[in-house]
Amino acid sequence: MQEALYRRYRPSTLEQLIGQSEAVTLISKQIENDNLSHAFLFSGPRGVGKTSLARIIASTIGCDPIFDITEIDAASHNKVDDIRELNESINFIASSPGKRRVFILDEVHMLSNAASNAFLKTLEEPPAHIIFILATTEPDRVIETIKSRTTHIAFKRISNKDIISTLEMIGKKEQIKLDKNVIDNIANYSDGSLRDAINLYEQTFNTFGEKANLDDLYNILGKVSIEDLLLIINSMTTQDTGSVLSVLKQNYNKGLQPIDILTSITHLFRSVFYLKYLPTDSNFVNLSENEKKLVQDCNDLITAKQLARILDMLDDVNQQIKSSPSQELKLELFLIKLIKPQLATDANSIVRRLDLIEGQISHPRTQESKTPPPKLVTKDNEVTKKVSKQIEKDIVVKTSKKNSIENFDVYWPKILEEAKQVLTPRKYSYLTLVKPDIDDEKLVLFIEKHNEYLLAELNKADDIKEYIESSIAKKMGINVSVVIQSFNGVFDQVNLGDEVRDNINQIFDVKDVD
């Protein structure tokens, strides 16, 4: 049987370990100074090098791989008797020239409480020739008394760049050729696990060969293709239930399960969420060009408020589908509510229905095509064309304005960020203390009624109002006037004028001048 690639290319030296420079530096210094800790806790995602580094440490200090390195899977050896057996075995003298023994406990968070407590005494005062290396993907589940007796090293997800370069290196050595787009997506879907990426790389080539494309990769991953996801998104505007059910049937025939399909839909809307609020994040940046185009198209169709409701619906169905007696039906009902909320009675769907009535979800171009300007009967055809074009323009502007208002919470943090550079520290601090609310005509900056100092300062700060109005016009394409208004806050605040002013001065380290 051929050896798996991830085993063949497992790192055997500290220099070969990829993407964990901080861990390598710490271990290298301890080995160089002959001052290795007696117990380590390696935590991090699967497939990022925790067990590999443990083996490298053992081989570096001269342990015999057969007699002096003991690997224990704590998931299957998690009882008190297993730990007692381990405690007894640590007294055997090592056979290696360095007389050291290394115990590697994988998935240590799976130890029972009784087993963990039985292990504590040995972990705290082990024989001088023993080194314990504990590995876990869930450090929060490791009891604090064990954590306090170890040197904790947190492992990071491997970057896509490092994964891609490693796969390309393996490809050259193994004569494996895959399309660059496929390799990029393998790196993206491995979620920072180099081991998973190498496995998926090998599986894709062994199954489909050099001609493997993205659809082949999606089949292996159990994911919905970009074309099918685009059909689902388009159905949100056309309310075409038949197209969506056809997509579901085709994916069922491919062997995908309802949870697989739901995961793909969830991933899409989560990517839209990151595009709206944090477009530089890896959740969007690392997508393929085709996926980015899909996410951008979806972003154009859905406002921030609408996206929040859809994510809320997805959260509910992801929790419910696992225990549902009919997962297919659960998924189909969710998609019907997504596409035709008028057929559903739950609160989220009713709110989405109101959005559809108001035209909130429609892109201006879609709204334009679905609502043609009325035909006017007149003798002058030129007048007819002019009036028709004006009505058409009004429809687009009105819908565009609604979409901008719906996305206000996306733009407000950006306006605040730029305000740091434009306004003085004091005046910028004023904006961090208001609660903004926007409608068709104005932006209201709400201030708690008792904060008389801030009310007075903002009412006379015309430059702040002008900055906000110009920023909204530039970023959102709408004209609003800024209004300062007080409201009764939740907390009873008395005589805050001088206090707020002093706090602002202290926080921003500014004098009482602009």
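Since the structure is predicted, the reported quantities are computational estimates derived from the model, not experimental observations. (Residues numbered from 1 in each chain as written. Predicted model: local features only at pLDDT ≥ 70, side-chain atom pairs only at ≥ 80, totals over all residues. Heavy atoms only, no water.)

Read from one edge of the open sheet, 3 strands run β6-β7-β8, paired in mixed fashion. Across the chains shown, the open sheet's two edge strands, defined by having one partner strand only, are β6 (435-438) and β8 (481-487). Mean inter-strand twist for the sheet, computed between neighbouring axes without regard to direction, equals 25°. In the sheet, strand β7 (residues 442-448) pairs with β8 via 7 bridges, with the strands oriented parallel. Looking at β8, one finds that Val-444 is bridged to Val-483. (Pairing = 2+ DSSP bridges. Helix = DSSP H or I, 4+ residues; strand = E, 2+ residues; numbered from the N terminus. Axes fitted to C-alpha atoms, helices over the stretch in contact; angles between N-to-C directions.)

Approximately 680 Å³ is the volume found for the largest pocket. In terms of lining residues, the largest pocket is bounded by 30 residues, among which Arg-10, Pro-11, Gly-49, Ser-52 and Arg-195 are the most central. Every element with two or more residues in the lining of the largest pocket is listed here: α1 (5-8), α3 (50-60), β2 (69-73), β3 (101-106), α7 (160-174) and α9 (194-208). In terms of residues, the lining of the largest pocket owes the most to one element, α3, which gives 4 residues. Within the lining of the largest pocket, the residues separate by chemical class into 12 nonpolar, 7 polar and 11 charged. (1 Å grid on protein atoms, 1.4 Å probe; cavity = no way out; pocket = protein on both sides within 12 Å on 5 of 7 lines; lining within 4 Å. Points joined across faces, edges and corners; volume = space filled by probe spheres on them. Nonpolar A, V, L, I, M, F, W, Y, C, P; charged D, E, K, R; others polar.)

Looking now at the environment of Ser-429. The residue Ser-429 is located in helix α22 (residues 425-431) in this model. Note on Ser-429: relative accessible area 1%, which makes it buried. (Buried < 20%, exposed > 50% of the residue type's maximum accessible area, 1.4 Å probe, protein only.)

Turning next to unusual backbone geometry. Notably, Glu-107 is not glycine yet its phi reads approximately 50°, a positive angle. The residue Glu-107 is located in the loop between β3 and α5 (113-124) in this model. In this structure, Asp-191 takes a positive phi of about 55° despite not being glycine. Note that Asp-191 resides in the loop between α8 (180-189) and α9. The exposure class assigned to Asp-191 is partly exposed, which follows from its relative accessible area of 46%.

Once that is clear, we can look at the sheet that holds strand β5 (residues 151-154). The strand order across the open sheet built from 5 strands is β2-β3-β4-β1-β5, with neighbouring strands paired in parallel fashion. Both edges of this open sheet fall to β2 and β5, since each of them pairs with a single strand only. Between one strand axis and the next, the sheet turns through 15° on average, direction left out of account. For strand β1 (residues 39-43) and β5, the ladder comprises 4 bridges, and the chain directions are parallel. Considered in β5, the bridge of Ser-43 is made with Ala-154.

Throughout the structure, instances matching the rule amount to 1 cavity of 30 Å³ or more. By volume, the largest cavity amounts to about 140 Å³. Residue lining of the largest cavity: 14 residues in total, with Tyr-189, Leu-229, Ser-264, His-267 and Glu-291 positioned closest to the centre. Top element by residues in the lining of the largest cavity is helix α13 (residues 258-277). It accounts for 4 residues. Its residues placed into classes, the lining of the largest cavity shows 9 nonpolar, 3 polar and 2 charged.

So, about the packing of aromatic side chains. Inspection of every chain in the model, using the stated rule, returns 8 aromatic pairs. Geometrically, the ring pair formed by Tyr-430 and Tyr-453 is edge-to-face, given 6.5 Å between the ring centres and 80° between the ring planes. Placement of the pair is Tyr-430 in helix α22 and Tyr-453 in helix α23 (residues 452-460), with a sequence separation of 23 residues. You can call Tyr-430 buried: its relative accessible area is 1%. An aromatic cluster is built from Phe-40, Phe-42 and Phe-155, whose rings are joined through pairwise contacts. One residue, Lys-292, lies across the ring of Phe-284, its end atom 5.8 Å from the ring centre. (Phe/Tyr/Trp six-rings, centres within 6.5 Å; stacked < 30°, edge-to-face > 60°. Lys NZ or Arg CZ within 6 Å of the ring centre and 35° of its normal.)

Taking burial as the measure, the 7 residues of β7 include 5 buried ones, the bulk of the element. Direction of pairing for β6 relative to β7: antiparallel, over a ladder of 4 bridges. Note on β7: the bridge partner recorded for Pro-436 is Leu-445.

A separate point is the nonpolar core. If you look at the biggest cluster of nonpolar residues, it comprises 80 residues, and the most contacted ones within it are Phe-42, Leu-53, Ile-186, Ile-265, Phe-269, Phe-334 and Leu-335. Here this core takes 7 residues from α13, the largest share from any one element. Among residues more than four places away in sequence, those in contact with Leu-335 are Ile-232, Val-244, Leu-248 and Ile-265. Counting 29 residues, the second largest nonpolar core, distinct from the first, contains Tyr-430, Ile-438, Tyr-467 and Ile-468. (Core = buried A, V, L, I, M, F, W, Y, C linked by side-chain atoms within 4.5 Å. Contact = heavy atoms within 4.5 Å.)

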